[in-house]
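The lines below spell out each chain.
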Amino acid sequence: MRKFCTLLLSFLLSVVVFSQTKIGKISGVITDESQKPVQSASVSLLRAKDSSLVKIAVTNKEGKYEFENIIEGKFLLLVSSVGFQKRFGQSLEITSENSTFNAETIKLSADARSMQEVTVTAKKPFIETKIDKTVVNVEAFPTSVGSTALDILEKSPGITIDNDGNINLRGKQGVIVLMDGKQTYLSASDLAMLLRNMPASSLDQIEIMTNPSSKYDASGNSGIINIKTKKGTNNGFNGSVMLGATTSFYKPDEALYMIPKSQNSFNFNWRKNKINFFGNYNPNIFRGMNRLSLDSRFMDENYNTTGYNFTETRFKFGNNNHTLKLGLDWYADKKNIFGIIVSGFTFKGHPTPVSVSDLVDENMQLEGRLISKTDNKLKFQNGTLNLNWKHTFDTTDKELTADFDYVVYNNVSDMLLTTEFYDGTLLKTGTSYLKGHLPSDINIYTFKSEYTQPFKGGKFEAGVKVSYVSNDNLVNYERMVNNEWETDHIRSNHFIYDENINAGYINYSKAIKKWTIQAGLRVENSVAHGNQVLTHETFKRDTTNLFPTAFISYKLDKKNTLTIAYGRRIQRPNYQDLNPFIYFLDTLSYRQGNIYLRPQYAHNIDLTHSFNGKFITTFNFNKTDDIISQIVKPEPNSKIRYLTVDNVASFTNIGVSFTAPIAFAKWWSGNFFVNVFNNHYEGDYDTLSIDMSYTSFTANVTNTFTFKKGWTAELSGFYRYKALAGLTQMEPIYQMSIGLQKQVMKGKGTLRFNFRDPFAWQKFEGRSTYGMIDGGFVSRPDTRQLTGTFTWRFGKTSQQNQPRRRSSSSQDEQSRVGQSQ
């Protein structure tokens, strides 16, 4: 019946068209001077005799336009587009004998004055809300040029970063961070370091997805943060150079230490005809200090106090690291684009922590002292190859993409732990030596293919992904016995882990009047094998899970929109947490992985109200089973404590957040974000009953001041009240920053100065109290930092075409790569 109605309608339309002698069709292409297609250009069809308007068409992303059902006659074409000068095309004539006309390609010339007007009038808001994500437009922030990626990320709504570089979203752990849809290959602390040295001028957007659609990997308990970088599309050679220096003013006691650091970057893009070559290089020198104070109470089986351990560790560390990324796009024809990306990262570090541990009895009388000195030599290397292809079928944006990734990691840690023992009178009683060699190799292979089919008012998407991960870890500990090194068989180990994940998804979206609906389903099959070679312990897991997602948005009126979203997520253990090896902090404390970790599963629900697209209120609910959390355990009949990870309880997060951009004056604008949330851990772990709950809030405030002659200033800060992070009760964290920026060299250069945490407020303090554990910590890193940077931009800087986005196939796997710190 439907086909019959369609045929009947087509027949009636044909009759009408024929009766009006509308027999013609006109098509063509609009490009810029470098022959790149110009999207969203307005093409006007005018009558030749009086220049009256007949029709208007808009070009698609390939620069194509089309007029259909044109009556006989003579016509002119007039093209206009933002950032270009208006241009008339050739005159043409439609007759019954010549009813189809392919116009000559019209090339537009850039209009510098028009582009300048766009910069002023077409400015995007700093924060936008969409049906399945929150978007931070980096360029809309006046001081983004000269800032770092981490500066922008810390100012983004709902994001907090702890002492170890772990990123939390709305009070929840387990965030997956992507760079252009691709993982960064780094542990949390190294990722934070990379973002500190990445200029914000290279960023386009930050996408925050608490409930990602089914096209994304299901991993990430609290969601995904996708950092989108820019890539030039202008003809010729263009890019930027940034030189920066930082000094930390660190005063852990009476002495003041001035610690130098340096961050630099070079970004370039070369475009000619069908070839686009791009890349960046970042050489960095990092030096730092930290002081960590630990206290632990010892108890007997009746929970009576038997003594205490007070440990103070002073960290002094430094590293040199280099990041290189090179890519090439080949626009083979109008429908096919082939690309290749090669990237690498090298890291050499030498941390040298020194710990002093005082063991006292229940009456606070000194029983003994241990002084531990650790000499660590770390070497970390990473290489990545990405091959990608995109095929566009027609002008409706129907497309097929494919990505292949090969990722390799090599991590080597060589350490020497020297411990001196003293009795209660501080008389030295002996010295022990422990030497460790810990190499690790990870290989990741992934393939992903996606299909997109737009239709009127909506879109259909489908995709498949296959990944294989091989992880080989070796640890060899030796102890000094009678002046000879002997293998420590108890602590030495060899662990091999292999994992294969196969996934597929479908996603459908449709706009119906005031309603927008999006629904998706993802299926993931995971097969994992683990083998402790020396102890012959093995395991195998084979699971298949469904991950549905749904989004419904309703536009109440021109200013108010309601959106509800649901998604099921999984957080798989990262490879480092599965590794059962022992990593020593000092003689009385170490960290150990857990091969029996299970994935955690979460249900996320968000209800969002948007007023005028700016004032955003979100209510969120998260329920997670088998939550993966760090937990401190005592060794039996020992004063040694160790940190491990385990599935400890169920987790519930309930919260409400509010975002408000406010313009106080033409020269003063601000952005305010507050999130109130409750974290609740409940369950039974071994013989321990867990029931921990706490309500907290976070607030981010950013003030931007724009003055004359290219000057801008910034005053920003954040505050997080007491909160539960895992099973640890964290104390408040707060900080402020002051920034000043000046545009120089007619906009080609930028000078920026930033004073971060000028009053040294920021510290990390927490306490764990459960079972036989009662311990606390205070960490004081060198956060008071004065930074100066100079950025020079060369070549053409106008961006008249949208850059091509690539999303690699190894998104989830790389986020689970960690390394010892």
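Only a predicted model underlies this, so the values are computations on that prediction, with no experimental measurement involved. (Residues numbered from 1 in each chain as written. Predicted model: local features only at pLDDT ≥ 70, side-chain atom pairs only at ≥ 80, totals over all residues. Heavy atoms only, no water.)

Looking at the overall build of the protein
The condition is simple: The helix and strand labels rest on DSSP assignments: H or I over at least four residues marks a helix, E over at least two residues marks a strand, and numbering proceeds from the N terminus. Burial status follows relative accessibility: with a 1.4 Å probe on protein chains alone, a residue under 20% of its type maximum counts as buried, one over 50% as exposed, and anything between as partly exposed. Note on contacts: a residue pair is in contact if any heavy atoms of the two residues lie within 4.5 Å.
Check the secondary structure of the protein and you find 6 helices and 46 strands. With 821 residues in all, the protein has 52% of them scored as buried. Considering only contacts in the protein between residues 6 or more positions apart, those separated by 24 or more positions represent 66%.

With respect to the nonpolar core
Our working rule: Joining through side-chain atoms within 4.5 Å is the link that ties buried Ala, Val, Leu, Ile, Met, Phe, Trp, Tyr and Cys residues into a set, and such a set is a nonpolar core.
Counting 36 residues, the largest nonpolar core has Tyr477, Tyr497 and Phe584 as the members making the most contacts within it. Ranked by size, the runner-up nonpolar core spans 20 residues in total, among them Ile30, Tyr65, Leu92 and Ile94.

Side note on the pattern of salt bridges
To keep it simple, the criterion reads: The working definition used for a salt bridge is a side-chain nitrogen of Lys or Arg within 4 Å of a carboxyl oxygen of Asp or Glu.
This structure, assessed with the given rule, holds 23 salt bridges. Glu62 serves as the salt-bridge partner of Lys64, at 3.5 Å between the closest nitrogen and oxygen. In this structure Glu62 comes out as buried when scored by relative accessible area, which is 14%. Among the ionic pairs, Arg522 bridges to Asp217, the shortest N-O distance being 3.1 Å.

Here we look at the environment of Gly73
Within the secondary structure, Gly73 sits in strand β5 (residues 73–80). It is 7.9 Å that separates the C-alpha atoms of Gly73 and Arg47, two residues lying 26 residues apart in sequence. Look past the residues within four positions of Gly73 in its chain and what remains in contact with it is Leu92, Glu93 and Ile94.

Let's talk about the pairing of strand β23 (residues 366–392)
Note the following rule: A pair of strands is considered paired only if DSSP assigns at least 2 bridges between the two.
Here strand β21 (residues 336–349) pairs with β23 via 14 bridges, running antiparallel. Paired with Ser343 across the two strands is Thr384, which belongs to β23. Where strand β22 (residues 354–361) hands over to β23, the hairpin turn is made up of 4 residues, of which Met364 adopts a positive phi near 65 degrees. Both β23 and strand β24 (residues 399–423) contribute to a ladder of 25 bridges, which runs antiparallel.

Examining the side chain of Arg641
Short version of the rule: Positive charges are assigned to Lys and Arg, negative charges to Asp and Glu, while His and the chain termini are left out of the count. In protein, a polar contact means a hydrogen-donor-capable atom and an acceptor-capable atom, both N or O and within 3.5 Å, with residues adjacent in sequence counting only if both atoms are side-chain atoms; elsewhere, any N or O pair within 3.5 Å suffices.
For Arg641, the position within the fold is in strand β36 (residues 641–665). No salt bridge forms around the buried Arg641; measuring N to O, its nearest opposite-charge neighbour Glu635 is 8.1 Å away. There is a polar contact of 3.4 Å between the side chain of Arg641 and the backbone oxygen of Ser638. What Arg641 contacts, discounting residues up to four positions off in sequence, is Ser296, Arg297, Phe298, Leu588, Ser589, Tyr590, Val632, Lys633, Pro634, Met772 and Ile773.

Details of the pairing of β21
As defined by bridge partners, strand β20 (residues 305–331) adjoins β21 across 13 bridges and the pair is classed as antiparallel. When the sheet's bridge partners are listed, Tyr331 is paired in β21 with Ile337. Between β20 and β21, which pair antiparallel in sequence order, lie 4 residues.

So, a nonpolar patch on the surface
Heads up, the condition is: The patches reported here contain residues having more than 30% relative accessible area and no salt bridge. Joining distances are 9 Å for like charges and 5 Å for nonpolar side chains (Val, Leu, Ile, Met, Phe, Trp, Tyr). Residue-level accessible areas treat just the shown protein chains as cover; the underlying method is Shrake-Rupley with a 1.4 Å probe.
Residues Ile512, Trp515, Ile517, Ile552, Leu556, Leu562, Ile564, Ile605, Leu607, Phe619, Phe621 and Ile654 make up a contiguous nonpolar surface patch of roughly 1000 Å² in combined accessible area. Of all elements in the fold, only β29 (515–532), β31 (560–571), β34 (600–611) and β35 (615–634) reach the threshold of two or more residues within the nonpolar patch. Positionally, Ile605 belongs in strand β34. Of the residues examined, Ile605 reaches a relative accessible area of 35% and is grouped as partly exposed.

Overview of the packing of aromatic side chains
Condition: Pairing of aromatic side chains requires ring centres within 6.5 Å, counting the rings of Phe and Tyr and the six-membered ring of Trp. Pairs whose planes differ by under 30 degrees are stacked, by over 60 edge-to-face, and all others tilted. Two thresholds decide whether a charge sits over a ring: the Lys NZ or Arg CZ must be within 6 Å of the ring centre and within 35 degrees of the ring normal.
Scanning all chains against the criterion turns up 32 aromatic pairs. Each residue in the set Tyr694, Phe697, Tyr719, Tyr721, Tyr734, Phe759 and Trp761 is aromatic and connected to the rest through ring pairs, giving one cluster. If you follow Lys36 out to its NZ or CZ, it ends over the ring of Tyr331, 4.2 Å from the centre. The ring of Phe393 carries the charged tip of Lys398 above its face, separated from the ring centre by 5.3 Å.

Focus on the confidence of the model for the protein
Counted only if it meets this: Note: pLDDT gives the predictor's confidence per residue, expressed from 0 to 100.
Looking at the protein, pLDDT values average 82 and 85% of them are 70 or higher. Within the protein, helix α1 (residues 2–19) has the poorest average pLDDT of any element, 38, and β22 the best, 94. Residue range residues 1–22 is modelled with pLDDT below 50. Its contacts to residues more than four positions away, or to other chains, number 9 contacts. This stretch, residues 142–146, has a pLDDT under 50; its non-local contacts, to residues over four places away or in other chains, come to 23 contacts.

Here we look at the environment of Lys390
The residue Lys390 is located in strand β23 in this model. Owing to a relative accessible area of 17%, Lys390 belongs among the buried residues under this scheme. As a C-alpha pair, Lys390 and Asp403 span 13 residues in sequence and 9.0 Å in three-dimensional space. Here Glu399 takes part through its side chain, which lies 3.5 Å from a polar atom of the side chain of Lys390.

Quick look at unusual backbone geometry
Excluding glycine, most residues fall at negative phi; most peptide bonds, likewise, are trans. Backbone geometry places Met364, a non-glycine residue, at a positive phi of 65 degrees. For Met364, the position within the fold is in the loop between β22 and β23. Phi angles above zero are rare outside glycine, and Lys513 is one such case at about 55 degrees. We classify Lys513 as exposed; its relative accessible area is 85%.

Considerations on the environment of Asn675
Tracing the backbone through its elements, the reader meets Asn675 in strand β37 (residues 668–685). Once the C-alpha coordinates of Asn675 and Thr618 are considered, the two residues, 57 residues apart in sequence, prove to be 9.1 Å apart.

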